Amino acid sequence: MTKHTISRRTVLTGTAAAAAAMAVGLPGRRALAADKVILRTNWLFYGSHAIFFLGIDKGFYDKDNLDVVVKQGNGSGNTVRLVANKDSTFAYVSASALIKLAAQGAPIISVATIDATGTEAVLVRPDSGIKTFKDLEGKKVLTTAGAGVNTFFPVAAQNAGIDVSKVELVNVAESALVQSYLQKLAPAMLGGIDDKPVEIEANGGQTPIIFNYADYGVYQPGYAIVTHKDLIKDNPDLVRRFVAGTLEAVKAAKANPDEAVKSLINWKASTEDEKEKVQARKVLDVTLSILISPNNKEKQIGLNVEADWASALELLKKYSKVETTMKASEFYTNDFLPKA
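Residues numbered from 1 in each chain as written. Predicted model: local features only at pLDDT ≥ 70, side-chain atom pairs only at ≥ 80, totals over all residues. Heavy atoms only, no water.

This next bit is on the sheet that holds strand β9 (residues 209-212). As summarised here, the arrangement of the five strands in space is β7-β6-β8-β5-β9, forming an open sheet in which the pairing is mixed. The sheet terminates laterally at β7 (168-171) and β9, the two strands that pair on one side only. Each adjacent strand pair in this sheet contributes to an overall mean axis angle of 30 degrees, direction not counted. Where strand β6 (residues 140-143) meets β7, four bridges bridge the pair, whose relative direction is parallel. The partner of T143 across the bridge, within β7, is N171. (Pairing = 2+ DSSP bridges. Helix = DSSP H or I, 4+ residues; strand = E, 2+ residues; numbered from the N terminus. Axes fitted to C-alpha atoms, helices over the stretch in contact; angles between N-to-C directions.)

This paragraph deals with the nonpolar core. Ranked by size, the top nonpolar core spans 49 residues in total, and within it I51, V68, F90, I225 and F242 carry the most contacts. In terms of residue count, helix α9 (residues 236-255) provides more of this core than any other element does, nine residues in total. Not counting chain neighbours up to four residues away, the residues in contact with I225 comprise F52, F90, A91, Y92, I109, S110, V111, A112, I114 and F242. Judged by nonpolar contacts, the second largest core, of 44 residues, contains V83, L98, L316 and A328. (Core = buried A, V, L, I, M, F, W, Y, C linked by side-chain atoms within 4.5 Å. Buried < 20%, exposed > 50% of the residue type's maximum accessible area, 1.4 Å probe, protein only. Contact = heavy atoms within 4.5 Å.)

This paragraph deals with the packing of helix α4 (residues 95-102) against helix α12 (residues 306-319). Following both chains from N to C, one finds α4 and α12 inclined at 65 degrees, their axes separated by 10 Å at the closest point. For the pair α4 and α12, the sense of crossing is right-handed. Side by side, α4 and α12 meet where A95, S96, L98, I99 and K100 of the first sit next to W309, A312, L313 and L316 of the second. Grouping the amino acids of the contact of α4 with α12 by side-chain chemistry returns seven nonpolar, one polar and one charged. (Left-handed = near helix turned anticlockwise from the far one by under 90°. Nonpolar A, V, L, I, M, F, W, Y, C, P; charged D, E, K, R; others polar.)

In this section: helix α3 (residues 76-84). Considered for burial, the residues of α3 that qualify are S76, T79, V80, V83 and A84. Along α3, the residues classed as buried sweep out an arc of 150 degrees about the axis, all on the same side. Summarising the contacts, the buried residues of α3 are in contact with β1 (35-40), β3 (90-94), α4, β4 (108-115) and β10 (223-228). Remark: K86 follows α3 within two positions and exhibits a positive phi of approximately 65 degrees. (Arc of directions from axis to C-beta.)

On to the pattern of salt bridges. In total, this model carries 18 salt bridges according to the counting rule given. Where D87 meets R40, a salt bridge forms, and the shortest distance between an N and an O atom there is 2.8 Å. On the criterion of sequence distance, the pair formed by D87 in the loop between α3 and β3 and R40 in strand β1 is long-range, its members being 47 residues apart. Owing to a relative accessible area of 36%, D87 belongs among the partly exposed residues under this scheme. The class of R40 is buried, set by a relative accessible area of 12%. (Salt bridge = Lys/Arg side-chain N within 4 Å of Asp/Glu carboxyl O.)

Structural data, given as structure tokens:
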């Protein structure tokens, strides 16, 4: 299954679980006075979200008196608006989506970075003969019109020393992207390393060669925990507790990723299908491999790194028509990270 399809099953929410426990005369897991928190994901549930479900199962949120319910999103752009509208307490979204909306005046801010580097990349068929970024000159590369991965392709290509005009980007429908790649309509495609390699392998393809934009000077945070500025002002202690529980869950997932995947599957009320487990684990592994950016000299998980946010802001201004007088430091805060 792909990142999209593994999530189309009944989801067992924390509220439903508590109700089920009460129905059979058992005490609920959380204290009645616990603070209710809605965490909205960037998309339908997939491997990276296992971190949050593990946090619930391990009691990391419970011990800080938080009743956390995780709800699915429909793209970072839509999800971050739900936080701005106070529909959701926190969200796991792309940093670029946060910057774009905050630059327009939305009172939202990152309180922790999880995926510390971007996952955008060029994926190349191993049998194509392409060994370096430079080898893409004169070749076709598949993508989807309007996809976020298109924005910084010219930047990565230029930094790799190639003439972008010599690369032909061919647009296909999102639903046909991987199949077109597997059918050899082009030797390469643009996509995220968090989901597309898994989808390629699940459909019979070989593990692709990856040219990650992050390796070619495109420095930007990947996914961050976002909340409303009013919450920071009105209930900073809740923010601190949620960040602490989430980062504890990140560390636990890194120590035992299989346990995290099991939590994801259980909370989705899925059968423990081996194929689903393998794919979810591969996606989670990507997130766990990019918790620290090259600019994070402190090696602190969750840290919003000034250089990365500044780079992302400048890139969005130059290539995505973002207009703002805000400084990079105004899009995030590290005030709620646990003290080292």
